[in-house]
Amino acid sequence: LRSIGYTFEAAVADVIDNSIDAKGKNVLVRIITKPDGYLDLAIWDDGHGMSAATLKEAMRFGADVASEIERLGKFGLGLKLASLSQAREVNVVTAHRGAVSARGWLEHGIARGFTSTIYDAQECRRLKAAVIPDRDLNTSGTVVWWSRLYRVGHRQADPAKHAQKLMRRLETYLALSFHRFLSGRARKVTITLDIFDQKSRKAGIPIVLDPLDPFAYERSGHIDFPASMFCEGEHRDKIVVTAHVWP
């Protein structure tokens, strides 16, 4: 699983897909600097969250979600594969209709045949407070916590400076990937990035993403474009392709 070919940015985007599927209006992506030199990452949303039974299914590999046509993720693998491709451990804390539950893939559980850890209510509060103390999770919402980033987040001479570089990488990638949601063309979603120092328990200045629409250029690269193109045959009236030449 750890050899799955996710880039850091694509893995984060895969988890944000779940936040959008959960009808979240606000998403926070937080890079966490720690005293041990490792970086963690947490993604919080204010979507409808999951019940304990739904969370159990979501943490199962190959969960059956393919029939839900409106979902951005189709195969029930994104949360697990994306998370474990970047982090040693992943914890998920979620609230649904006021009930909070949490599960985790920890290294000892993975070694014992992918046994997930189940947390009680007190542990749920502790997990959430450790990384997202300044966001609400009382009624609904979800926090995904990647612990000990091993591909991009360890053995850095200056972890705080490296966190800034990662945030800039995420800013561009996510602004492009989710531009339809950031602009409100699909459904308005606000995505915020920040860096949280776990020792001082303080967050830095947040960055609220603006949409980066690759087709919102002011001048076309060719006078005859954009141009509409049509398919031949029986689907001619159903499929329209618009071709662009970027400046």
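Structural data are supplied above this passage.
Residues numbered from 1 in each chain as written. Predicted model: local features only at pLDDT ≥ 70, side-chain atom pairs only at ≥ 80, totals over all residues. Heavy atoms only, no water.

(A) Broad picture of the side chain of R30. Position of R30 relative to the elements: it lies in strand β1 (residues 26-33). The class of R30 is buried, set by a relative accessible area of 0%. A distance of 2.8 Å separates a polar atom in the side chain of R30 from a polar atom in the side chain of D134. Non-local contacts of R30, meaning those with residues more than four positions away in its chain, are made with D40, L41, A42, V131, I132, P133, D134, D194, F196 and A203. (Helix = DSSP H or I, 4+ residues; strand = E, 2+ residues; numbered from the N terminus. Buried < 20%, exposed > 50% of the residue type's maximum accessible area, 1.4 Å probe, protein only. Polar contact = N/O pair within 3.5 Å; in protein donor to acceptor, adjacent residues only side chain to side chain. Contact = heavy atoms within 4.5 Å.)

(B) Region of the structure containing the nonpolar core. If you look at the biggest cluster of nonpolar residues, it comprises 45 residues, and the most contacted ones within it are V12, I16, V29, L41, W146, L174 and I191. If you tally residues by element for this core, the top one is helix α1 (residues 8-21), at seven residues. By size, the runner-up hydrophobic cluster in this structure holds 18 residues, among which are L127, I132, L137 and W145. (Core = buried A, V, L, I, M, F, W, Y, C linked by side-chain atoms within 4.5 Å.)

(C) Summary view of unusual backbone geometry. For the bond running from F225 to P226, omega is 5°, close enough to zero to count as cis. Secondary-structure assignment places P226 in the loop between β9 (207-208) and β10 (227-230). The backbone of R148 sits at a positive phi, close to 65°, despite the residue not being glycine. Of note, R148 is situated in strand β6 (residues 141-149). Exposure remark for R148: the relative accessible area of 27% places this residue in the partly exposed category. With a phi angle near 60°, R201 is a residue other than glycine that sits in the positive phi range.

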